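What follows is the residue order along each chain.
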Amino acid sequence: MKNYETERLILKPADLEDADFFLKLYNLPSFIKYIGDRNLRTREDAEKYIQNKFRPQLERSGFGNYVVIHKELNEKIGAVGIFERDGLDVLDIGFSFFPEFEGKGYAYDAAAHLKDIAKRDFGVSKLSAITSKDNYASQKLIGKLGLKFQKFVTLPEETEELMYFESV
């Protein structure tokens, strides 16, 4: 798996060495509120999640979840990925960043770059995105990425109705 770069960021495939990072990111109150509780409570939980959820898709498809590293700060600031999700027929692009790095264009830079890579290098012609009805920042970013609202969906084994966007 290879890294990708923008002017300000490095997108590195998620690996076991990132367990502490995902443990912190996935337990942010905003992550739990808008994306959901992944029940990661220990480093071992995070390692199992990476091994069982991220690695199989990365190895099978060549793309998946990436840790976003700020070049100048040499710091992990968020994650962006293209995911195969149960209940969705179209690959899903998603992102999450630490609050201090939100609103600075990093999520857009990373997601737009990954969207271009998916199309150019992996032949992904269509993407979807899902978000909660009250996550206005994500809705704005999804629109900026060129995805349009299509319908409301509820994923398997979930109860929340989500907004579903798709590239057209």
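Residues numbered from 1 in each chain as written. Predicted model: local features only at pLDDT ≥ 70, side-chain atom pairs only at ≥ 80, totals over all residues. Heavy atoms only, no water.

What to know about the overall build of the protein chain
Counted only if it meets this: Helix numbering and strand numbering both begin at the N terminus, where a helix is a DSSP run of H or I of at least 4 residues and a strand a DSSP run of E of at least 2. The reference for a compact globule is 2.2 Å times residues^0.38; the radius of gyration itself is calculated from the C-alpha atoms.
Helix and strand content of the protein chain: five helices and eight strands. For the protein chain, the N- to C-terminal ordering of α and β elements is β-β-α-α-α-β-β-β-α-β-α-β-β. Whereas a compact globule of 168 residues would reach a radius of gyration of roughly 15 Å, the protein chain reaches 15 Å, a difference of no more than 12%. Viewed in the frame of its principal axes, the protein chain has a C-alpha envelope of about 40 × 35 × 35 Å.

Some points on the pairing of strand β3 (residues 65-70)
Note the cut-off: We call a residue buried when its accessible area falls under 20% of the maximum for its residue type, exposed when it is over 50%, and partly exposed in between, using a 1.4 Å probe and counting protein chains only. One bridge is not enough; two strands pair if DSSP finds at least two bridges between them.
Extensive coverage of β3 is indicated by the burial of six of its six residues. In this structure, strand β2 (residues 9-13) lies alongside β3, joined through five bridges in antiparallel fashion. Its bridge partner being in β3, I10 is matched across the sheet by I69. One ladder, built from six bridges, connects β3 with strand β4 (residues 75-83); its direction is antiparallel. Counterpart to H70 in the pairing with β4 is E75. Here β3 folds back onto β4, and the loop between the two strands holds four residues, one of which, N74, carries a positive phi near 50°.

Details of unusual backbone geometry
Positive phi, close to 50°, is recorded for N74, a residue that is not glycine. Turning to its location among the elements, N74 is positioned in the loop between β3 and β4. Judged by its relative accessible area of 65%, N74 is exposed. Not every positive phi belongs to a glycine, and E157 is a case in point at roughly 65°. If you trace the backbone, E157 turns up in the loop between β7 (147-153) and β8 (162-167).

What to know about the nonpolar core
Put simply, the rule reads: To form a nonpolar core, buried Ala, Val, Leu, Ile, Met, Phe, Trp, Tyr and Cys residues must be joined to one another through side-chain atoms within 4.5 Å. We call two residues in contact whenever any of their non-hydrogen atoms come within 4.5 Å of each other.
Counting residues in hydrophobic clusters, the biggest one holds 51 residues, and the most contacted among them are F22 and V80. Here this core takes eight residues from helix α4 (residues 106-122), the largest share from any one element. Not counting residues within four places of it along the chain, the set of residues in contact with V80 comprises L11, G64, N65, Y66, V68, G94, F95, A110, A111 and L114. Ranked by size, the runner-up nonpolar core spans seven residues in total, among them L88, V90, I130 and L162.

Observations regarding the packing of aromatic side chains
Keep this limit in mind: Ring pairs shown here join Phe, Tyr and Trp side chains whose ring centres sit within 6.5 Å, with only the six-membered ring taken for Trp; geometry is labelled stacked below 30 degrees between planes, edge-to-face above 60, and tilted in between. A ring is considered to have a charge above it if a Lys NZ or an Arg CZ atom is located within 6 Å of its centre and within 35 degrees of its normal.
With the rule as written, the count across this model stands at 13 aromatic pairs. Here F149 and F165 contribute two aromatic rings whose centre-to-centre distance is 5.8 Å and whose plane-to-plane angle is 75°, an arrangement assigned as edge-to-face. Taken together, the residues F149 in strand β7 and F165 in strand β8 connect sequence positions 16 residues apart. Overall, F149 belongs to the partly exposed group, its relative accessible area being 36%. Here the aromatic residues F21, F22, Y26, F31, Y49, F54 and F98 are joined through ring pairs into a cluster of three or more. Positioned over the ring face of F98 is K24, at 5.0 Å from the centre of the ring.

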